[in-house]
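Close look at the chain arrangement
Okay, here's what each chain looks like letter by letter:
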Amino acid sequence: MCCPAGHPRLSDIAKKFNADYARDFGAHDLWRDDGRAALAYDAMQLMAEAANRAFRSTDNVERSNVQIGLDNGIRKQGASGYLDVGRGRSVPRDKPLVILHHTDRGSEPVLYCGAFTQNPAGRATHWGPRGKFSCPRDS
C-alpha cells in the first residue's frame, strides 16, 4: 500500500500525514511505511464524510444513511492515495501498490503502481525496469 515517507508521488495530504505520524510515533517506527496507518486514516476520513453528508441531508447519522452516502460515492485525496469509492464499487479503483526494499538504513520503494492522486500525472501506469510492464488496473 501507499505511501512510504519520501516516496516520489506523495500528495500534500500524504506528506502531512507522514510528518504528523513521524512526530507522534517516531520517524523510525516499523509500521510507518507499510500503509496500515494511512489506510486506517483514510477509512476514517471516508466514514466522516459519509456521516457528514447523512447528517446534512437527513438530520441524523443512522447506519443506513451513512451507507447511502458511501454508496453514492466519495472522491477525495487521501494519505494512502486517491480515494474514489461508491457508485457500485465496494473498494477504491486503482489503489496504489508499493513494493518496499528493507535495509538497515530503512525502507525504500522499488516498484509502485496506481492512482496516487486524482491528477493523471500522479498515476503510475507502468513499473519494472524502464517501465517495461503495465500496472494492474481495476476493471
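Scroll up for the structure.
Now for a quick tour of the structure. Source: prediction; values computed, not measured. (Residues numbered from 1 in each chain as written. Predicted model: local features only at pLDDT ≥ 70, side-chain atom pairs only at ≥ 80, totals over all residues. Heavy atoms only, no water.)

Grouped together as the largest cluster of nonpolar side chains are 9 residues: Leu-46, Ala-50, Ala-51, Ala-54, Val-66, Leu-70, Ile-74, Leu-83 and Val-85. Broken down by element, the residue count for this core peaks at 4 residues, all from helix α2 (residues 36–58). Among residues more than four places away in sequence, those in contact with Leu-83 are Asp-42, Leu-46, Ile-74, Arg-75, Lys-76, Gly-78 and Lys-95. (Core = buried A, V, L, I, M, F, W, Y, C linked by side-chain atoms within 4.5 Å. Buried < 20%, exposed > 50% of the residue type's maximum accessible area, 1.4 Å probe, protein only. Helix = DSSP H or I, 4+ residues; strand = E, 2+ residues; numbered from the N terminus. Contact = heavy atoms within 4.5 Å.)

Inspection of the secondary structure puts Leu-70 in helix α3 (residues 63–72). Through-space distance from the C-alpha of Leu-70 to that of Glu-49 is 8.5 Å; in sequence the pair is 21 residues apart. Apart from residues lying up to four places away in sequence, Leu-70 is in contact with Leu-46, Met-47, Ala-50, Val-85 and Gly-86.

Between α2 and α3, the shortest axis-to-axis distance is 8 Å and the interhelical angle comes to 115°. Between α2 and α3, the angle falls in the class roughly perpendicular. Note on packing geometry: the crossing formed by α2 with α3 is right-handed. Across from Leu-46, Met-47, Ala-50, Ala-51, Arg-53, Ala-54 and Thr-58 in α2, the residues of α3 making contact are Asn-65, Val-66, Gly-69 and Leu-70. Residues that form the contact of α2 with α3 fall into these classes: 7 nonpolar, 3 polar and 1 charged. (Axes fitted to C-alpha atoms, helices over the stretch in contact; angles between N-to-C directions. Parallel < 35°, antiparallel > 145°, perpendicular 65-115°, else oblique. Left-handed = near helix turned anticlockwise from the far one by under 90°. Nonpolar A, V, L, I, M, F, W, Y, C, P; charged D, E, K, R; others polar.)

Here we come to unusual backbone geometry. Phi angles above zero are rare outside glycine, and Asp-59 is one such case at about 70°. Looking at the element boundaries, Asp-59 is found in the loop between α2 and α3. Exposure remark for Asp-59: the relative accessible area of 61% places this residue in the exposed category. Phi angles above zero are rare outside glycine, and Arg-130 is one such case at about 55°. With respect to the secondary-structure elements, Arg-130 resides in the loop between β6 (126–127) and β7 (133–134). You can call Arg-130 exposed: its relative accessible area is 84%.

Sheet topology places strand β1 (residues 74–78) next to strand β2 (residues 81–85); 5 bridges connect them, and they run antiparallel. Residue Ile-74 lies in a different strand from β2, and its bridge partner there is Val-85. Hairpin connection, β1 to β2: the antiparallel pair is bridged by 2 residues. (Pairing = 2+ DSSP bridges.)

Before going further, it helps to spend a moment on a nonpolar patch on the surface. Taken together, the side chains of Leu-97, Ile-99, Val-110 and Leu-111 present a nonpolar region at the surface, about 270 Å² in accessible area. Sorting the residues of the nonpolar patch by element identifies β3 (97–103) and β4 (106–115) as the ones contributing at least two each. Inspection of the secondary structure assignment puts Val-110 in strand β4. Residue class for Val-110 comes out partly exposed when judged on its relative accessible area of 44%. (Patch = residues over 30% accessible without salt bridge, like charges linked within 9 Å, V, L, I, M, F, W, Y side chains within 5 Å. Areas by Shrake-Rupley, 256 points an atom, 1.4 Å probe, with all protein chains shown as cover. Salt bridge = Lys/Arg side-chain N within 4 Å of Asp/Glu carboxyl O.)

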